[in-house]
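# A look at the structure
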Amino acid sequence: DDQPMHWILSHVYNLFMGGDILSHLPRGSRSVAAAAMLCAIPGVGKSVASSLLTEYESISNICKLPVDQISETKMGNRRLGPKLAGNILRALNGC
């Protein structure tokens with residue numbers, strides 16, 4: 001199935017062209033795409049991505065938060081932590 005590769009290439013194209021990354025996807029696919037983008041970050045799996053998107057609703061919202069707030073995100077009975085939160089923000093903000 002070429003759909004994941006098509007999505008990746010579309011994402012890269014939109015990054016270079018300055019467009020809204022998710023605007024070209026169907027509405028239901030946006031949450032899947034957001035989870036996939038988060039899961040591409042080292043240390044982030046399905047449970048972390050799900051916790052972040054449940055708590056903050058979108059990648060755009062996550063990007064606007066300070067590290068300390070993201071680090072307090074609950075995943076079951078534990079919290080995300082400052083190291084992973086910093087890695088996530090650096091990856092999402094391109095730093």
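## Some details on the environment of proline 42
- Along the polypeptide, proline 42 turns up in the loop between helix 2 (29–39) and helix 3 (46–56).
- Each C-alpha atom, one on proline 42 and one on leucine 84, is 8.8 Å from the other, the two residues being 42 residues apart in sequence.

## A word on the pattern of salt bridges
- Under the defined criterion, the tally for this structure stands at one salt bridge.
- As a salt-bridge pair, glutamate 72 and arginine 79 come within 3.2 Å of each other at their nearest N and O atoms.
- The exposure class of arginine 79 is partly exposed, given its relative accessible area of 42%.

## Quick word on the side chain of serine 51
- You can see serine 51 is positioned in helix 3.
- On the basis of relative accessibility, which here comes to 17%, the residue serine 51 falls in the buried class.
- With residues near it in sequence (within four places) discarded, serine 51 still touches Thr73, Lys74 and Met75.

## Overview of the nonpolar core
- Residues Leu38, Val44, Val48, Leu52, Ile70, Leu80 and Ile88 are the most contacted members of the largest nonpolar core, which totals 20 residues.
- With five residues, helix 3 is the largest single contributor of residues to this core.
- When neighbours within four sequence positions are excluded, leucine 38 is seen to be in contact with Val44, Ala49, Leu52, Leu53, Ile59, Ile62, Ile88 and Leu92.

## A few points about unusual backbone geometry
- Even without being glycine, glutamate 57 reaches a positive phi, approximately 75 degrees.
- Summarising the element assignment, glutamate 57 is placed in the loop between helix 3 and helix 4 (59–63).
- Given a relative accessible area of 67%, glutamate 57 falls into the exposed group.

## Re helix 3
- For helix 3, the complete set of buried residues consists of Val48, Ala49, Ser51, Leu52, Leu53 and Tyr56.
- Note on helix 3: the residue one or two positions beyond its end, glutamate 57, has a positive phi of about 75 degrees.

About the thresholds
- Residues numbered from 1 in each chain as written.
- Predicted model: local features only at pLDDT ≥ 70, side-chain atom pairs only at ≥ 80, totals over all residues.
- Heavy atoms only, no water.
- Helix = DSSP H or I, 4+ residues; strand = E, 2+ residues; numbered from the N terminus.
- Salt bridge = Lys/Arg side-chain N within 4 Å of Asp/Glu carboxyl O.
- Buried < 20%, exposed > 50% of the residue type's maximum accessible area, 1.4 Å probe, protein only.
- Contact = heavy atoms within 4.5 Å.
- Core = buried A, V, L, I, M, F, W, Y, C linked by side-chain atoms within 4.5 Å.

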